[in-house]
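The residues making up each chain are set out below.
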Amino acid sequence: MASSNYYFVIVGHADQVVYEVELGGSTGQTVSASDNRHLNQFIAHAALDLVDEAMWRNTTTYLKQVDKFNEWTVSAYVTAGGLRFLFLYEHLPRTGEDGLKNFLTEVYETYVKLLLNPFYVPDKPIRSGAFDKKVQTIARKCIL
């Protein structure tokens, strides 16, 4: 199977983007310039209503597949505080559904550690190189 591109976004309480990254291929590197960036953002924000509905129907934080747009599938993870972690993919990662769940769970744990930083303001965009590096490391371990 050809390498796939993935898009991960953390959406805040007022539906604003807190963090986003495009991951691609088998290299584990961030895709810097993608023609699909605006399409990915559109798909993710279109899925927010479905995520909000699904989070009230489920008792778990990992909501699995919540939406599909053409070849893109959206899976979601909702935190106890109401943040939405959305993961878009064309093909399920090589590690399957469990790898995707592990990725989202580990990124959430990394986000919680970031919240402990007194200089980070919740719901503001994350501009930390260390956070980026940690997300890429988790992606290489869990989904790439």
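Residues numbered from 1 in each chain as written. Predicted model: local features only at pLDDT ≥ 70, side-chain atom pairs only at ≥ 80, totals over all residues. Heavy atoms only, no water.

Stated formally: UniProt positions are given in the numbering used here, feature names are shortened, and annotations may be inferred rather than shown by experiment.
As recorded by an unreviewed UniProt entry, the chain carries the name Trafficking protein particle complex subunit 2 and is attributed to Adineta ricciae. Its UniProt record gives the chain the following Sequence similarities (unreviewed entry) comment, quoted word for word: "Belongs to the TRAPP small subunits family. Sedlin subfamily." Of the comments in the UniProt record for the chain, the one headed Subcellular location (unreviewed entry) reads "Cytoplasm, Perinuclear region".

**With respect to the overall build of the chain**
Inclusion rule: Numbering goes from the N terminus for both helices and strands, where a helix is a DSSP run of H or I of at least four residues and a strand is a run of E of at least two. Here the globule rule is a power law, 2.2 Å times the number of residues to the power 0.38, and the radius of gyration is based on C-alpha atoms. Relative accessibility under 20% of the residue-type maximum defines a buried residue, over 50% an exposed one, and the middle range a partly exposed one, all with a 1.4 Å probe and only protein chains included. Two residues form a contact once any of their heavy atoms are found within 4.5 Å.
A tally of regular secondary structure across the chain gives three helices and five strands. Tracing the chain from N to C terminus, the helices and strands come up as β-β-α-β-β-β-α-α. A compact globule built from 144 residues would reach a C-alpha radius of gyration of about 15 Å, and the chain, at 14 Å, matches this within 12%. For the chain, the spread of C-alpha atoms along the principal axes amounts to about 45 × 35 × 30 Å. The buried share of the chain, reckoned over its 144 residues, is 44%. Restricting to contacts in the chain with at least 6 residues of sequence separation, those with at least 24 account for 55%.

**Points about a nonpolar patch on the surface**
Filter applied, for reference: The patch calculation keeps residues exceeding 30% relative accessible area without a salt bridge and links them within 9 Å when they carry like charges or within 5 Å when they are nonpolar (Val, Leu, Ile, Met, Phe, Trp, Tyr). Surface accessibility follows the Shrake-Rupley procedure with a 1.4 Å probe radius. Residue values consider only the protein chains on display as shielding. Whenever Lys or Arg places a side-chain nitrogen within 4 Å of a carboxyl oxygen from Asp or Glu, that contact is recorded as a salt bridge.
On the surface, a nonpolar cluster with roughly 260 Å² of combined accessible area is contributed by L39, F42 and F69. By the element assignment, F69 lies in strand β3 (residues 62–69).

**A few points about the nonpolar core**
To keep it simple, the criterion reads: By nonpolar core is meant a set of buried Ala, Val, Leu, Ile, Met, Phe, Trp, Tyr and Cys residues that side-chain atoms within 4.5 Å join together.
Of all hydrophobic cores here, the largest spans 28 residues; its most connected members are F8 and F103. Where this core is concerned, the elements lending two or more residues are β1 (5–11), β2 (17–24), β5 (84–89), α2 (96–115) and α3 (129–142). Looking at this core element by element, the count peaks at six residues for α2. Ignoring any residue separated from it by four or fewer positions in sequence, one finds F103 in contact with F8, L23, F87, V135, I138, A139, C142 and I143.

**Remarks on the pattern of salt bridges**
Enumeration according to the criterion identifies three salt bridges in this entry. Two residues, R84 and D15, come together in a salt bridge whose shortest N-O distance is 2.6 Å. Pair noted here: R84 is in strand β5 and D15 is in the loop between β1 and β2, with a separation of 69 residues, a long-range link. Overall, R84 belongs to the buried group, its relative accessible area being 4%. Given the relative accessible area of 37%, D15 is considered partly exposed. One salt bridge connects E106 with K141, and the closest N-O pair in it is separated by 2.9 Å. With a gap of 35 residues between them, E106 in helix α2 and K141 in helix α3 connect regions that are remote in the sequence. Classification of E106 by relative accessible area gives partly exposed; the value is 22%. The exposure class assigned to K141 is exposed, which follows from its relative accessible area of 52%. Taken together, the shared-partner salt bridges in this structure form one network comprising D15, D52 and R84.

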